[in-house]
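# Coordinates in review
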Amino acid sequence: MPSKRLSVVLTRRLPEVVETRLSELFDVRLRLEDTPMTREELVAAVQDCDVLVPAITDRIDAGLIGQAGERLKLIANYGAGFDHIDVATARSRGILVSNTPGVVTDDTADMVMALMLAVTRRLPDGLAVMQDGSWQGWAPTAFLGGRLGGKRLGILGMGRIGQAVAKRAAAFGMQVHYHNRRRLRPEVEGALDATWWESLDQMLARMDVVSVNCPSTPSTFHLLNARRLQLMKPDAVIVNTSRGEVIDENALVRLLKAGQLGGAGLDVYEQGSHGNADLRAMSNVVMTPQMGSATREGRVEMGEKVIINIKTFADGHRPPDQVVPSML
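Summarised in this report is the structure supplied together with it.

What counts, and where the lines are drawn
Residues numbered from 1 in each chain as written. Predicted model: local features only at pLDDT ≥ 70, side-chain atom pairs only at ≥ 80, totals over all residues. Heavy atoms only, no water. Core = buried A, V, L, I, M, F, W, Y, C linked by side-chain atoms within 4.5 Å. Buried < 20%, exposed > 50% of the residue type's maximum accessible area, 1.4 Å probe, protein only. Helix = DSSP H or I, 4+ residues; strand = E, 2+ residues; numbered from the N terminus. Contact = heavy atoms within 4.5 Å. 1 Å grid on protein atoms, 1.4 Å probe; cavity = no way out; pocket = protein on both sides within 12 Å on 5 of 7 lines; lining within 4 Å. Points joined across faces, edges and corners; volume = space filled by probe spheres on them. Nonpolar A, V, L, I, M, F, W, Y, C, P; charged D, E, K, R; others polar. Polar contact = N/O pair within 3.5 Å; in protein donor to acceptor, adjacent residues only side chain to side chain. Pairing = 2+ DSSP bridges. Right-handed = clockwise from strand over helix to strand, strands pointing away. Axes fitted to C-alpha atoms, helices over the stretch in contact; angles between N-to-C directions. Expected span 1.5 Å × (residues − 1).

A few words now on the nonpolar core. Counting residues in hydrophobic clusters, the biggest one holds 29 residues, and the most contacted among them are Leu224, Leu229, Met232, Ile238, Leu252, Leu256 and Leu279. Residue assignment for this core shows that the elements contributing at least two residues are α9 (200-206), β9 (209-212), α11 (249-257) and β11 (263-266). With five residues, α11 is the largest single contributor of residues to this core. Apart from residues no more than four positions distant in its own chain, Ile238 is found in contact with Val210, Val212, Leu224, Leu229, Met232, Ile247, Leu252, Gly263, Ala264 and Gly265. Counting 27 residues, the second largest nonpolar core, distinct from the first, contains Met113, Met116, Tyr178 and Val188.

With that out of the way, let us pick up empty space enclosed by the protein. For the coordinates displayed, the defined rule picks out one cavity of 30 Å³ or more. Estimates place the volume of the largest cavity at around 40 Å³. Surrounding the largest cavity, Asn240, Gly244, Ile247, Glu249, Leu252, Leu266 and Val268 form its lining. Per-class residue counts for the lining of the largest cavity are four nonpolar, two polar and one charged.

Turning our attention to the layout of surface pockets. Put simply, the second largest pocket is a space of about 350 Å³. Lining the second largest pocket we find 21 residues, and of these Val119, Thr120, Gly146, Asp235 and Val237 sit closest to its centre. Going through the elements one at a time, α5 (105-120) and α6 (123-131) are the ones with two or more residues in the lining of the second largest pocket. At three residues, the largest contribution of residues to the lining of the second largest pocket is made by α5. A class-by-class count of the residues in the lining of the second largest pocket yields nine nonpolar, six polar and six charged.

Here α11 has its buried residues at Glu249, Ala251, Leu252, Val253, Leu255 and Leu256. On its buried side, α11 packs onto α10 (226-231), β10 (237-240), β11, α12 (277-280) and β12 (285-287). Among the residues of α11, the N-terminal cap falls to Asp248, whose side-chain oxygen and the backbone nitrogen of Asn250 are separated by 3.3 Å. Directly beyond the C-terminal end of α11, a positive phi value near 75 degrees is found at Gly259.

Residues of β10 alternate between two faces, with Val237 and Val239 on one and Ile238 and Asn240 on the opposite face, all of them buried. Here four bridges tie β9 to β10, and the two strands are oriented parallel to one another. Along β10, the bridge assignment pairs Ser211 with Val239. The β-α-β motif built from β9, the intervening α10 and the parallel element β10 has right-handed crossover chirality. As judged from the four bridges shared by β10 and β11, these two strands associate in the parallel manner.

This paragraph deals with the side chain of Asn77. Among the structural elements, Asn77 can be located in the loop between β4 (74-76) and α4 (87-92). Separated by 2.8 Å, the side chain of Asn77 and the backbone oxygen of Gly81 make a polar contact. Of note is the side chain of Asn77, whose polar atom sits 2.9 Å from the side chain of His84. For Asn77, the contacting residues outside a window of four places in its chain are Pro54, Ala55, His84, Ile85, Ser98, Asn99, Thr100 and Val306.

The next subject is the environment of Arg206. With respect to the helices, strands and loops of the structure, Arg206 is situated in helix α9. Taking the C-alpha atoms as reference, Arg206 lies 45 Å from Ile65; in sequence the two are 141 residues apart. Not counting residues up to four positions away in its chain, the partners in contact with Arg206 are Arg152, Trp197 and Lys233. Of the polar contacts made by the side chain of Arg206, one reaches the backbone oxygen of Gln202; its length is 2.9 Å.

Below, the discussion takes up the sheet that holds strand β2 (residues 27-29). What the five strands build is an open sheet, ordered β2-β1-β3-β4-β5; its pairing is parallel. Two strands in the sheet have a free side with no partner beyond their single neighbour: β2 and β5 (96-98). Pairwise comparison of adjacent strand axes, ignoring direction, gives a mean angle of 20 degrees for this sheet.

What follows deals with helix α7 (residues 160-171). Residues spaced three or four apart along an α-helix face the same direction, because each turn holds 3.6 residues. The terminal C-alpha atoms of α7 lie 17 Å apart, and with twelve residues this matches the ideal 16 Å at 1.5 Å per residue to within 8%. Taken together, the buried positions of α7 are Gly162, Ala164, Val165, Ala166 and Ala169. Residues of α7 that are buried sit in contact with α5, β6 (152-156), β7 (175-179), α8 (186-192) and β9. One or two positions beyond α7, positive phi appears at Gly173, with a value near 85 degrees.

In short, geometric facts, not functional conclusions.
Next comes the structure, spelled out in structure tokens:
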């Protein structure tokens, strides 16, 4: 496609500096409300633009893509995950899909450690008594949690984020273990001082903390089902910053209620944006509203990648971060 001022539609508000730069380069339709588009708004957008810039809150499925106008040639996703986009259908319609990989690796890994510490050191309990003014002073047995040093961490999914978590966990003195679709190269595994488990079941049964860092695919849906969650130690903690549907949330609730798991730190949820009400009521569960990538730096860098992808496409080349079939 020859270089021109492409018509670009944003489905969400983006950082101001990103919106400004996009407006300088393209004919941009900004989203004035910081809320997801309705289905009707999404249909109207894909019927009248060259480039759609969706976010994880938008369902870009086959039905929506089927209603796209002839002009739509690029879906430049604002985010690394693309399981909310039907890439195969887009490809069949001659529409390219790009994403923003690698930008929020460190931010998400930091959130893993934050959740891990919050659960194991009972930070919400301490915050609650300070905020309601009920603290009676220091006591030897008050707010006792557990230390991370010496504990076994099992990482489910050893991609960029999983490896970043491994490095941070090692700094806390944790023993790093992992299960991955493919074993890491020996030099990478050695540098991380990580132990590979071919069997996920065997790893789960031996870990003190499990961090979920795998992508959402048909094969990872409810990968941590009731049977697998029951393999974990009764005092083990599970942390999920990946995708909510990797864990069977109802099974997680049952095991936590029964005292068969020590706690959970969750940033993503299977059952809607508010999470499970039972989970919210548990003192050993820490829940955050999808804050894994929520840093000013990360969100701006995501926008910069979107701009590069669109600009490269406008110049007649394939976006550098194009999603290809081998990634699905």
